[in-house]
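Coordinates in review
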Amino acid sequence: MCDNMADLSGAVLEAVNSSEGVDTKDLASQLSVDHQKVVGAVKSLQSLNYIVAEQCVDKCWQLTDEGKSIADGGSHEARIFYAVPSEGIAQAEIMKSVPNAKVGFSKAMQNGWIQIDKKAEGGPKVTKKTESITDTVQECLKRVNQGKDDMTDAQKAECKKRKLITEMKLTSYRLKKGENFSLKIMKQEVDLTPEMIQNGTWKDQSFKPFNFDALGVPPTCGHVHPLLKVRAEYRQIFLEMGFTEMPTNNFIESCFWNFDALFQPQQHPARDAHDTFFVSDPQYADEFPMDYLARVKKVHSEGGYGSQGYNCDWKLEEAKKNILRTHTTAVSTRMLYKLAQQEEFKPVKYFSIDRVFRNEATDATHLAEFHQIEGVVADRGLTLGDLMGIIKEFFKKLGIEEISFKPAYNPYTEPSMEIFGYHEGLQKLVELGNSGIFRPEMLLPMGLPEDVSVIAWGLSLERPTMIKYKIDDIRTLIGPKVDLQMVYDNPICRLDK
Ligand code: FB9
């Protein structure tokens, strides 16, 4: 008996020793062991060159489930024949009493085993046409089940047509002695120890060869979320274009920096609670550069710098309200104000990638927050052409070469443009983001020189991430329903491929 792999390996060696060329299929049936277990022992002995295994692929027939049922219980036609009593039986009766009666009845009629009297009183009546039958189908399937493939072509065709047998490929191995053949299996050491070296036993030891194809054990480590993989790619692109990252670690912002400083009117719908999250405590911010605030108030209420303003009753209380920032352009505004306080103006290129919050209904493509990506360039004499050029350069690094622009409106930029690009992966034109030149009513109250213009553009992080990782529902990317396995399984991110 072969109760374990060592016994089985010994039995294989014995078999090869007594008859070279033994086949594993025959050996498995001799040893009454599953063929796959014999193959396992063969692979192990082959790796030690104890034996040589030559692969043989045979085709063999196997019974389908229906074939097995017929081999056990007889063909459908035989069961119809045996169900007909000597006095005969109503056809309707036999059709509902025998399984697979439709096939069985038809075959039994074809074989001339039964006959039907359609004029019988009470309806069609079935009687036997012969005293006894030979169930050749059952006999044939029983032989197949015993591995005896001696069906005639006609029987094979019939069983295949009735889906009672199916053809299988059986891989087995013809075994011969290898260069290290021995009936005694030398235990293979896996480590060369100091003791072996000291006492010299290493000289008689057999060592398991290194398996350089073995995969390493996957390290149990952390996994970066797809959003953060994509963020790293965007950050790298900005850095290689010479941009400096802005400090965005303040989700709470005052309406002043989020809206008023951008010349966004206090009556603008975006400032309502249905679009913006207002903070209840602390409800108000209280530290502002008051001289700057005064200039912002003036440009809103009376105009100035060539603008007629909004002719509105601008309220400090409105500007002081605290909110969850609705865009990272609030950060850009703070940075531009800080730039304007310097003695001498120096051109800058800033970027940010961080969370912004909007009081929107959530659905498959929208959450109440998203990550905004924003690029800002401030220099003397910048034009719309510069804005178009830098946007094209930016998206070229993301693998999108065909860029187009469409006029748009933003309260704080004029002109403004929506950005579109042909996405090779999606094979279609995709809306990529928005852009514009900040208005003088935003820049001049800060104190920036009159010939300085600031161009900027923005997009989201979620949209490209969902495209990259083929995610249809944003709620499977971010939020409480995220399957952490998604984080583990997602490959590295390269946006230009
Ligand atoms: O991300 C967006 N689209 C996008 C981006 C990348 C991409 O694939 C990568 C190239 C490989 C595929 C698509 N959009 C902006 C466009 C749309 O998804 C849009 O329907 C949704 N937009 C968000 C706003 O929704 C409330 C995306 C988000 C957005 C829009 C505008 C800005 C920022 C984010 C802006 C701005 C701006 C304008 C002027 C000055 C400064 C900033």
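Thresholds applied
Per chain, the residues get numbers from 1 upward, laid out in the order the sequence is written. Local features in this predicted model are restricted to residues of pLDDT 70 or higher, and side-chain atom pairs are both shown and tallied only at a pLDDT of 80 or more, whereas totals for entire chains, interfaces and linings draw on every residue. As a rule here, side-chain values come from all non-hydrogen atoms in the structure, and water together with hydrogens is ignored. Stacked, tilted and edge-to-face are the three classes assigned to paired rings of Phe, Tyr and Trp, where Trp is represented by its six-membered ring and a pair needs centres within 6.5 Å; plane angles under 30 degrees give stacked, over 60 edge-to-face, the rest tilted. Secondary structure follows DSSP: runs of H or I at least 4 residues long count as helices, runs of E at least 2 residues long count as strands, and numbering of each begins at the N terminus. Any residue under 20% of the maximum accessible area for its type is buried, any over 50% is exposed, and the rest in between are partly exposed; the area is computed with a 1.4 Å probe on protein chains only. Two strands pair under a simple rule: DSSP has to find at least two bridges between them. Every residue pair with non-hydrogen atoms within 4.5 Å of one another is taken to be in contact. Lines are fitted to the C-alpha atoms to define the axes, a helix being fitted only along its stretch in contact, and any angle between axes, read from their N-to-C directions, falls within 0 to 180 degrees. The split into domains, and so the bounds of each, comes from an automatic or database assignment of domains. An angle counts as roughly parallel when it lies under 35 degrees, as roughly antiparallel when it exceeds 145, as roughly perpendicular when it falls between 65 and 115, and as oblique in every other case. Any residue that is not Ala, Val, Leu, Ile, Met, Phe, Trp, Tyr, Cys, Pro, Asp, Glu, Lys or Arg is counted as polar, Gly included; the first ten are nonpolar and the last four charged. By definition, a salt bridge exists where a carboxyl oxygen of Asp or Glu is found within 4 Å of a side-chain nitrogen of Lys or Arg. Nearness is defined per residue: one heavy atom within 4 Å of the molecule or strand is enough. In protein, a polar contact means a hydrogen-donor-capable atom and an acceptor-capable atom, both N or O and within 3.5 Å, with residues adjacent in sequence counting only if both atoms are side-chain atoms; elsewhere, any N or O pair within 3.5 Å suffices. All accessible areas in this document rest on Shrake-Rupley with a 1.4 Å probe, and a residue is counted as covered only by the protein chains that are shown. Take the buried residues of types Ala, Val, Leu, Ile, Met, Phe, Trp, Tyr and Cys, join any two whose side-chain atoms come within 4.5 Å, and each joined set is a nonpolar core. To estimate how far a helix should reach, multiply one less than its number of residues by 1.5 Å.

**Some details on the packing of aromatic side chains**
Enumeration according to the criterion identifies 20 aromatic pairs in this entry. On the basis of an interplanar angle of 40° and a centroid distance of 4.9 Å, the ring pair of Phe-238 and Phe-394 is categorised as tilted. On the criterion of sequence distance, the pair formed by Phe-238 in helix α11 (residues 226–240) and Phe-394 in helix α16 (residues 384–396) is long-range, its members being 156 residues apart. Phe-394 shares its class with Phe-238; the two are buried. Consider the rings of Phe-263 and Tyr-310, whose centres lie 4.3 Å apart with planes at 20°: the pair is stacked.

**So, the sheet that holds strand β4 (residues 114–117)**
Reading across from one edge, β3-β5-β4 is the order of the three strands in this open sheet, with antiparallel pairing throughout. Of all strands in the sheet, those with a lone pairing partner are β3 (89–90) and β4, marking the two edges. In the sheet, β3 pairs with strand β5 (residues 125–128) via two bridges, with the strands oriented antiparallel. By the bridge assignment, Ile-89 is partnered in β5 with Val-126. Running over the sheet, helix α7 (residues 101–110) touches β4 and β5 and is turned about 100° from β4.

**Quick word on the domain arrangement of the protein chain**
Taken domain by domain, the protein chain comprises domain 1 (1–59 + 165–210), domain 2 (65–158) and domain 3 (227–489). Taking only C-alpha atoms into account, the centre of domain 2 sits 80 Å from that of domain 3.

**What to know about the packing of helix α1 (residues 5–18) against helix α3 (residues 35–47)**
Closest axis-to-axis distance for the α1/α3 pair is 9 Å, and the angle between their directions is 75°. Between α1 and α3, the angle is such that the two are roughly perpendicular. Facing α1, whose interface residues are Met-5, Leu-8, Ser-9, Val-12 and Leu-13, α3 presents Lys-37, Val-38, Gly-40, Ala-41, Val-42 and Leu-45. Residue classes in the contact of α1 with α3 are distributed as eight nonpolar, two polar and one charged.

**Focus: unusual backbone geometry**
Backbone phi values are negative for most residues with the exception of glycine, while trans is the configuration of most peptide bonds. The omega torsion of the bond from Asp-281 to Pro-282 falls at 5°, within 30 degrees of zero and hence cis. Among the secondary structure elements, Pro-282 is positioned in the loop between α12 (255–258) and α13 (290–301). The step from Glu-414 to Pro-415 runs through a cis peptide bond, and the omega angle for that step is -5°. Along the polypeptide, Pro-415 turns up in strand β15 (residues 413–423). A positive phi angle is found at Asn-100, which is not glycine, with a value near 50°. With respect to the element layout, Asn-100 can be found in the loop between α6 (91–97) and α7. A positive phi angle, close to 60°, is found at Phe-263, a residue other than glycine. Tracing the chain through its elements places Phe-263 in the loop between α12 and α13.

**Points about the environment of Leu-382**
Tracing the backbone shows Leu-382 in the loop between β13 (369–380) and α16. Each C-alpha atom, one on Leu-382 and one on Val-454, is 7.0 Å from the other, the two residues being 72 residues apart in sequence.

**Quick word on the pairing of strand β16 (residues 428–438)**
Note that β15 and β16 share nine bridges and pair antiparallel. Bridging across to β16, Ser-416 finds its partner in Gly-436. Between the end of β15 and the start of β16, which pair antiparallel, lie four residues, with Gln-427 showing a positive phi angle near 55°. Sheet topology places β16 next to strand β17 (residues 452–460); four bridges connect them, and they run antiparallel. Looking at β17, one finds that Gly-436 is bridged to Ala-456.

**Description of the pattern of salt bridges**
On inspection of all chains with the given rule, the structure shows 21 salt bridges. A salt bridge links Lys-107 to Glu-158, with the nearest nitrogen and oxygen atoms 3.1 Å apart. Taken together, the residues Lys-107 in helix α7 and Glu-158 in helix α9 (residues 153–161) connect sequence positions 51 residues apart. On the accessibility criterion, Lys-107 (15% relative accessible area) is buried. Measuring nitrogen to oxygen at the nearest pair gives 3.2 Å for the salt bridge that ties Arg-439 to Glu-441. The two residues Arg-439 and Glu-441 agree in class, both being buried. One salt-bridge network, in which partners are shared between bridges, spans Glu-77, Lys-107, Glu-158 and Arg-162.

**What about the site of the ligand?**
The environment of the ligand is made up of 23 residues, and the closest members are Arg-358, Glu-431, Leu-432, Ser-460 and Arg-463. Between a nitrogen atom of the ligand and a main-chain N or O atom of Leu-432, the distance comes to 3.3 Å. For the ligand, an oxygen atom lies 2.8 Å from a polar atom in the backbone of Ser-460. Its free accessible area being 850 Å², the ligand has 85% of it covered by the protein chains. Those elements giving two or more residues to the shell around the ligand turn out to be β13, β16, β17 and α18 (462–468).

**Here we look at the environment of Leu-31**
Along the chain, Leu-31 falls in helix α2 (residues 24–31). A relative accessible area of 24% means that Leu-31 is categorised as partly exposed. Separated by 173 residues in the primary sequence, Leu-31 and Asp-204 have C-alpha atoms spaced 33 Å apart.

**Overview of the nonpolar core**
Formed by 37 residues in total, the largest nonpolar core has its most connected members in Tyr-234, Phe-243, Ile-390, Ile-391, Phe-394, Phe-395 and Trp-457. Looking at this core, the elements with two or more residues in it are α11, β12 (348–357), β13, α16, β15, β16 and β17. If we ignore the near neighbours within four places in the chain, the residues touching Ile-391 are Ile-403, Phe-405, Ile-419, Ser-435 and Trp-457. Membership of the second largest hydrophobic core comes to 33 residues, among which are Val-331, Ala-340, Phe-345 and Leu-443.

**Considering α13**
Along its 12 residues, α13 runs 16 Å from first to last C-alpha, staying within 8% of the 16 Å computed at 1.5 Å per residue. Here α13 has its buried residues at Tyr-292, Leu-293, Val-296, Val-299, His-300 and Ser-301. Of the residues flanking the end of α13, it is Gly-303, one or two places downstream, whose phi is positive at about 95°.

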